[in-house]
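# Understanding the architecture of this molecule
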Amino acid sequence: MSGTVPFNSQPPPKQNIVETRLAEETSGRYVGPMPVADFLKTFLDVELESDDDDNNNNNSDLSGTFNGIPPSPEIDMYGPFVKAIAPHVAGFDVVDSSSSVNQVEIGAFTLKPDLTLYKQGSPRQGATDFSAMEMWIEFKANLADEPFSDTGDFEKDTIKGRLTRGQLTSYGLAQLGSQFRNFAFSVFIMRDRARLMRWDRAGVVITCQFNYVAEPQILVDFFQRFSKLSDEDRGLDTTVTVADEEHDVPADVLLNARKALGIPEKPLFRIAVANDHPDEGANNSPQLLHYIGPRSACPSVSLIGRATRGWPVYNPVTNEVVFLKDTWRIDSGDIEPEGKTYRTLHSKRVKNIARFQRGGDVGSTTRTQTFTTTDWSHVKNDVTGHINYRLVLEDVGKRLAVQSTKQLVKVIRDAMEAHWLACCAGVLHRDISPGNVVIFVDEDGNARGLLIDWDLSKEISKTKKRRPDRTGTWQFMSAALLRDRHKVQDLTDDLESFLHVLMWMTIRYVPSNLSPEQRNKYLKTMFDEYYQMTEGPEGGDSKGDKLGAKNYIPAKLTLNSPSPLLGILNQLSDVFIAIYGPNPTERDVQVFESILQSPLSEFRETILQNHVCYLHQQRLERSKDSTWFINTMEEALGNEHWPDQDASNPNLLSPSDGTSTARQMALNANKIASNEQRSIASYYPSGCSHSSKRGRSPSFSVPDTDGTNKRSRSNTLAPDHASDDS
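As the structure is a computational prediction, the values presented were derived from the model and not from experiment.

Calculation criteria
Residues numbered from 1 in each chain as written. Predicted model: local features only at pLDDT ≥ 70, side-chain atom pairs only at ≥ 80, totals over all residues. Heavy atoms only, no water. Helix = DSSP H or I, 4+ residues; strand = E, 2+ residues; numbered from the N terminus. Buried < 20%, exposed > 50% of the residue type's maximum accessible area, 1.4 Å probe, protein only. Areas by Shrake-Rupley, 256 points an atom, 1.4 Å probe, with all protein chains shown as cover. Axes fitted to C-alpha atoms, helices over the stretch in contact; angles between N-to-C directions. Parallel < 35°, antiparallel > 145°, perpendicular 65-115°, else oblique. Contact = heavy atoms within 4.5 Å. Nonpolar A, V, L, I, M, F, W, Y, C, P; charged D, E, K, R; others polar. Phe/Tyr/Trp six-rings, centres within 6.5 Å; stacked < 30°, edge-to-face > 60°. Core = buried A, V, L, I, M, F, W, Y, C linked by side-chain atoms within 4.5 Å. Expected span 1.5 Å × (residues − 1). Arc of directions from axis to C-beta. Pairing = 2+ DSSP bridges. Left-handed = near helix turned anticlockwise from the far one by under 90°. pLDDT = per-residue confidence, 0-100. Salt bridge = Lys/Arg side-chain N within 4 Å of Asp/Glu carboxyl O. Polar contact = N/O pair within 3.5 Å; in protein donor to acceptor, adjacent residues only side chain to side chain.

Across its full length, the chain carries 19 helices and 23 strands. Across the 726 residues of the chain, 58% fall into the buried class. When the accessible surface of the chain is totalled, it reaches about 29100 Å², and 48% of it is carbon and sulfur.

Shown next, in the form of structure tokens:
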């Protein structure tokens with residue numbers, strides 16, 4: 001999935017909460033214990049000369065290399081360890097970073113690994129700089145903090161073990177997210193024992209524990225090999241280089257790029273984008289095309305998954321600013337690259353989508369998933385692999401915001417129209433969120449909504465389940481998907497997601513009679529509900545229960561500037577009573593059928609159209625077709641009394657967690673806003689109307705139900721297609 005926390009609008013959680021969540025989310029992706037010899041041979045396969053003076057590689061003199069490192073306290077281990085390994089990592093600086101914080105934050109805490117390796121001569125800011133580090137090393141002196149076990153379950157099921165796994169994972173995701181990097185190595189030290197680790201977007205491969213004091217040659221061998229690896233073999237993405245004259249970027253191109261992007265001083269990079277369809281025009285030549293742009297912000301949400309980043313860049317060929325998206329697409333034969341989906345949608349004349357320029361695989365593929373079936377791996381479940389992919393869109397839009405509630409509804413209506421036309425063309429989006437609905441202003445100043453981020457879309461005709469993870473952004477997934485990880489995702493799920501986007505934006509940004517605490521409570525309860533089960537995370541009970549009971553909208557909610565918005569929310573949410581509410585009883589059906597058999601009359605039609613069976617069937621039919629939703633919003637947009645000046649207020653939430661000081665509350669308020677900006681920034685570029693009226697009263701039969709008020713898979717098919725799962 002896109003991540004469990006990117007649209008969490010609560011005050012940033014405490015360190016132990018974030019670490020626990022990261023450990024739970026990454027559970028099943030800690031692949032080990034890999035034999036150390038296999039790890040070195042697989043990932044660091046370089047020859048070491050016996051007379052390697054640079055690394056002081058005289059194995060006969062290694063005994064006692066680490067004898068001067070005490071097993072505790074932890075802080076006393078750093079200095080002697082730096083002194084011990086420094087001779088074996090020629091060309092790198094080993095820095096004590098244990099007390100130096102960096103600007104990268106995960107939740108409410110900053111990150112500071114104990115030791116960090118940097119390439120000598122590389123620019124960096126302070127002792128802890130995730131954008132420049134080559135490796136980090138973390139120490140623990142308390143055996144209770146041990147996160148892994150080589151016997152039994154590999155992931156130790158203890159509170160402190162989970163916290164340590166989460167801490168290590170936070171460092172891994174921060175390093176990968178702060179650089180143009182495909183994978184990274186790290187070392188974990190527990191007293192006199194060590195483990196080697198390799199992180200990528202599928203998880204982390206971890207070695208058996210070994211005693212580095214008694215067997216110093218193992219750790220020395222690792223560091224010596226690491227120091228001899230090429231940039232690419234250390235994990236750096238070599239398709240991205242510094243943009244300067246040294247790397248074949250002329251001075252006038254750099255000047256034009258800075259002027260076009262409005263970046264006078266920030267470092268710029270030369271970013272290669274491939275083309276998987278080379279026979280279309282000048283921008284679609286088979287060669288790599290290099291764009292100029294800054295490094296994007298670290299999307300500090302999750303280690304695993306697509307890790308989508310997007311930002312404006314400069315095209316030196318056309319001298320214009322475009323939008324670059326860098327992502328790790330799912331490595332599956334039945335999931336099309338996003339560029340191919342864009343080409344399909346444009347060929348079908350689907351409107352309200354961004355114009356596509358080029359895209360293709362960069363070349364790097366995750367490897368963690370390939371080791372789950374080995375004899376030594378304790379992880380036996382499937383792990384999703386990913387391929388680094390980049391695409392360029394010509395339309396640079398801006399984030400979904402509430403300049404007015406009318407514009408908000410119009411933009412979501414536009415995106416829903418794109419979604420429906422795509423469904424008619426055989427494609428289901430499957431990741432509806434505020435980050436994937438953007439506002440684009442054309443040359444005439446007209447604003448419209450665009451639906452972007454099609455890399456999780458599917459051909460509706462494909463019906464097999466494709467991977468073990470859910471698809472979408474957690475806060476906006478349907479209740480049915482959150483409750484049942486095996487459910488086939490369909491059109492109805494995406495329609496419900498549009499409803500959740502509109503409600504989330506309303507509660508989060510539209511001034512109303514709700515207090516900050518009431519807003520916090522509603523957003524947390526309705527959208528952030530999350531609990532760990534044996535098979536994985538679940539949620540959605542609040543969504544489903546509230547929708548089924550027709551109290552999805554907070555009781556007595558009123559807007560400071562009255563508008564049709566609440567009426568729209570009420571109408572759209574009414575549809576899902578049929579999905580999550582009780583089905584008509586057998587008695588209801590019998591009465592309804594008897595009315596159908598009675599003589600035609602105006603009185604009979606009135607009774608039928610207000611009967612529970614009629615309403616249930618009507619709601620079910622509306623849930624399978626976007627046109628009623630689109631028409632409902634279109635009709636409301638025609639209301640001439642809808643105010644144009646009811647803009648949002650971004651400071652409507654309470655930054656207090658109940659224990660914070662006034663200063664911390666102020667910091668929390670800033671972090672709520674910046675975290676939302678950063679998480680949404682990863683997703684977007686800047687810069688068929690049919691009647692749904694019934695012709696006659698329906699006949700009715702009771703749908704199959706398992707008694708849990710969950711939607712039956714047979715109830716909701718997209719137009720003219722069968723549906724499938726994520």
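Moving on, we come to the packing of helix α8 (residues 405-424) against helix α10 (residues 491-509). Two quantities define a packed helix pair, namely the angle between the helix axes and the distance between the axes. Where α8 contacts α10, the two axes come as close as 11 Å, and the packing angle between them is 170°. Our classification of the angle between α8 and α10 gives roughly antiparallel. Only L491, D494, L495, F498, V501, L502 and M505 of α10 make contact with α8, whose side of the interface consists of L408, V409, I412, A415, M416, H419, W420 and C423. Its residues assigned to classes, the contact of α8 with α10 comprises 13 nonpolar, 1 polar and 1 charged.

So, about the packing of aromatic side chains. Each pair of aromatic rings is reported with the distance of its centres and the angle of its planes. One pass over the structure, following the stated rule, counts 30 aromatic pairs. With a centroid separation of 5.6 Å and 70° between ring planes, the pair formed by F43 and F371 is classed as edge-to-face. Of this pair, F43 sits in helix α2 (residues 36-43) while F371 is found in the loop between β16 (356-365) and β17 (386-393), placing the two residues 328 residues apart along the sequence. On the accessibility criterion, F43 (8% relative accessible area) is buried. Seen from their ring centres, Y522 and F527 are 6.2 Å apart, and the 70° between their planes marks the pair as edge-to-face. Owing to a relative accessible area of 1%, F527 belongs among the buried residues under this scheme. Counting every residue linked through ring pairs, the aromatic cluster contains F39, F43, F92, F183, F185, F222, F223, F226, F371 and W376.

By size, the foremost hydrophobic cluster in this structure holds 80 residues, and its most contacted members are L502, Y552 and F576. Beyond its immediate chain neighbours, meaning those up to four positions away, L502 contacts L408, V409, I412, L565, I568, L569 and L572. Listed in part, the 47 residues of the second largest apolar core include I69, V94, F185 and A202.

This part takes up helix α11 (residues 516-527). The first and last C-alpha atoms of α11 sit 16 Å apart over 12 residues, in line with the 16 Å expected at 1.5 Å per residue. For α11, the complete set of buried residues consists of R519, N520, Y522, L523, M526 and F527. Projected onto a plane normal to the axis of α11, the buried residues spread over an arc of 170° and lie on a single side. Elements that come into contact with the buried residues of α11 comprise α10 and α12 (541-548).

Moving on, we get to the pairing of strand β14 (residues 309-315). Of all 7 residues making up β14, 6 are buried, and the element is well covered by its neighbours. Alignment of β14 against strand β15 (residues 320-330), held across 7 bridges, turns out to be antiparallel. Across the sheet, N315 pairs through a bridge with E320, a residue of β15. Count of turn residues in the β14/β15 antiparallel hairpin: 4 residues, of which N319 carries a positive phi of about 60°.

What follows deals with the packing of α10 against helix α13 (residues 565-574). Where α10 contacts α13, the two axes come as close as 10 Å, and the packing angle between them is 150°. For the pair α10 and α13, the crossing hand works out as left-handed. Only L565, I568, L569, L572 and S573 of α13 make contact with α10, whose side of the interface consists of L499, L502, M503 and T506. When grouped by side-chain class, the residues that make up the contact of α10 with α13 number 7 nonpolar, 2 polar and no charged.

Mean pLDDT over the chain works out to 85, with 83% of the residues at or above the 70 mark. Here residues 1-5 is modelled with pLDDT under 50, and outside its nearest four sequence neighbours on either side it reaches 25 contacts, counting other chains as well. Considering only residues more than four positions removed or in separate chains, one finds that residues 657-726, a stretch of pLDDT under 50, has 189 contacts.

This part takes up the pattern of salt bridges. The full count for this structure, using the stated rule, is 35 salt bridges. Across the pair R390 and D237 runs a salt bridge whose closest N-O atoms are separated by 2.5 Å. Here R390 is found in strand β17, whereas its partner D237 is found in the loop between α5 (216-228) and β11 (240-242), with 153 residues between them in sequence. The same class applies to R390 as to D237, namely buried. Note that D455 is salt-bridged to R306, the shortest N-O span being 2.6 Å. You can see D455 sitting in the loop between β20 (447-451) and β21 (458-459) and its partner R306 sitting in the loop between β13 (289-293) and β14, a full 149 residues away along the chain. R306 shares its class with D455; the two are buried. When salt bridges with common partners are traced through the structure, they connect R306, K325, E338, D431, D453 and D455 into a single cluster.

Here G177 is to be found in helix α4 (residues 159-178). Judged by relative accessible area, G177 falls into the buried class, the value being 1%. Placed 47 residues apart in sequence, G177 and F130 show a C-alpha to C-alpha distance of 8.6 Å.

To continue, consider the side chain of E146. With respect to the secondary-structure elements, E146 resides in the loop between β6 (135-140) and α4. Residues in contact with E146, not counting those within four places in the same chain, are K156, G161, F188, M190, R195 and Q209.

Let us now look at the pairing of β15. Each regular strand carries side chains that alternate between the two faces of the sheet. Taking burial as the measure, the 11 residues of β15 include 9 buried ones, the bulk of the element. Relative to β17, β15 is paired through 8 bridges, and the arrangement is antiparallel. From the neighbouring strand, R329 faces β17, where its bridge partner is I387.

Below, the discussion takes up unusual backbone geometry. Of the consecutive residues G32 and P33, the connecting peptide bond is found in the cis state with omega at 0°. The topology assignment puts P33 in strand β1 (residues 30-34). In the segment running from S72 into P73, the intervening peptide bond is cis, with an omega of -5°. The phi angle at D248 is positive, at roughly 65°, despite the residue not being glycine. With respect to the secondary-structure elements, D248 resides in the loop between β11 and α6 (251-261).

The next subject is the environment of S433. The topology assignment puts S433 in the loop between β18 (427-428) and β19 (437-441). Here S433 falls in the buried class, since its relative accessible area comes to 0%. Residues S433 and L451, spaced 18 residues apart in sequence, show a C-alpha to C-alpha distance of 9.6 Å.

Within the fold, Q179 resides in the loop between α4 and β7 (184-190). A polar atom in the side chain of Q179 sits 2.7 Å from the backbone oxygen of F130. Non-local contacts of Q179, meaning those with residues more than four positions away in its chain, are made with F130, S131, A132, M133, L236, R295 and R309.

Quick look at the environment of T20 now. Assignment of secondary structure puts T20 in helix α1 (residues 15-26). For the pair T20 and I159, spaced 139 residues apart in the sequence, the C-alpha separation amounts to 8.3 Å.

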